[in-house]
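Residues per chain are reported as follows:
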Amino acid sequence: LEDSFRNETADYSVLRRDKKTGVDICAGGAEAASLERILKICQEAGFVVGKITVPLEGYLHVLRQLPEYGERTAIYLFFEEESMLSVLCQEGRYVYSSRSRLFSEPGTLDFGTEIVRSISGILQFYAAGKRDIPITEVYYAGCQETIFEVSVEGIHNMQLEVFPME
């Protein structure tokens with residue numbers, strides 16, 4: 001096992017510090033050769049690289065910029081191309097995330113069904129943990145309201161409010 005990690009670089013960053021609950025970190029790793037290739041490409045293109053991180057850390061950083069984030073227990077949906085990243089946070093603390101490939105045409109009823117099923121799965125995961133604080137909201141980014149609206153009724157049927165991220 002030790003040999004399989006010999007050429008890997010790993011690092012972490014602190015997401016949150018709290019005297020009561022401790023420290024939340026985001027950790028990641030990559031093959032050193034891959035990182036060197038990325039840095040070389042950036043250098044050849046004239047880019048100055050200050051930091052390389054895992055994508056999830058970037059999303060969590062974006063969420064921390066929202067004024068309401070620290071108070072919310074919510075699901076955050078990020079749409080990219082044909083995929084959706086779902087992030088569950090409880091009172092501003094990361095709990096769970098998943099990435100889903102979206103197969104349906106955006107704006108269709110099937111698209112709305114895919115989104116609602118994903119949210120339902122997160123609610124089931126959260127309920128299994130027997131947490132006291134309910135999820136009350138869903139926020140989304142990277143999807144036009146007119147396309148996302150096919151999922152709104154299904155989300156409301158789960159007693160959740162839904163808002164575009166601003």
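As a convention, each chain's residues are numbered from 1 in the sequence order in which they are written. Predicted model: local features are reported for residues with pLDDT of at least 70 only, side-chain atom pairs are reported and counted for 80 or more only, and whole-chain, interface and lining totals are derived from all residues. Here the side-chain values reflect all heavy atoms present in the structure, with hydrogen atoms and water set aside.

**Section: the nonpolar core**
Right, so step 1: Among the nonpolar cores identified, the biggest contains 21 residues, and Leu-77, Phe-79, Ile-119, Phe-148 and Ile-155 are the most heavily contacted of them.
Right, so step 2: In this text, helices come from DSSP runs of H or I with a minimum length of four residues, and strands from runs of E with a minimum of two, each type numbered from the N-terminal end. Secondary structure elements with two or more residues in this core: β3 (74–80), β4 (83–90), α3 (109–128), β6 (137–141) and α4 (145–156).
Right, so step 3: With 6 residues, the single largest contributor to this core is α3.
Right, so step 4: Contacts were defined at the residue level, with two residues in contact if any of their heavy atoms lie within 4.5 Å. What Phe-148 contacts, discounting residues up to four positions off in sequence, is Leu-77, Phe-79, Ile-115, Tyr-140, Cys-143, Ile-155 and Val-162.
Right, so step 5: Membership of the second largest hydrophobic core comes to 15 residues, among which are Cys-26, Leu-66, Ala-74 and Tyr-139. What makes a nonpolar core is a set of buried Ala, Val, Leu, Ile, Met, Phe, Trp, Tyr and Cys residues whose side-chain atoms join them at distances within 4.5 Å. A 1.4 Å probe rolled over the protein chains alone gives each residue an accessible area, and that area as a share of the maximum for its type sets the label: buried under 20%, exposed over 50%, partly exposed in between.

**Considering the side chain of Thr-73**
Right, so step 1: Positionally, Thr-73 belongs in the loop between α2 (55–64) and β3.
Right, so step 2: Definition of a polar contact: a pair of N or O atoms within 3.5 Å, with one able to donate and the other able to accept a hydrogen when the atoms are protein atoms, and with sequence-neighbouring residues admitted only if both atoms are side-chain atoms. A polar side-chain atom of Thr-73 sits 3.0 Å from the main-chain amide nitrogen of Glu-91.
Right, so step 3: Those residues in contact with Thr-73, other than ones at most four positions away along the chain, are Cys-89, Gln-90, Glu-91, Tyr-126, Ile-133, Pro-134, Ile-135, Thr-136 and Glu-137.

**Overview of the packing of aromatic side chains**
Right, so step 1: Stacked, tilted and edge-to-face are the three classes assigned to paired rings of Phe, Tyr and Trp, where Trp is represented by its six-membered ring and a pair needs centres within 6.5 Å; plane angles under 30 degrees give stacked, over 60 edge-to-face, the rest tilted. In this structure the tally under the stated criterion is 7 aromatic pairs.
Right, so step 2: What links up through ring pairs into an aromatic cluster is the set Phe-79, Phe-111, Tyr-140 and Phe-148.

Treat this as a map of the structure, not an account of what it does.
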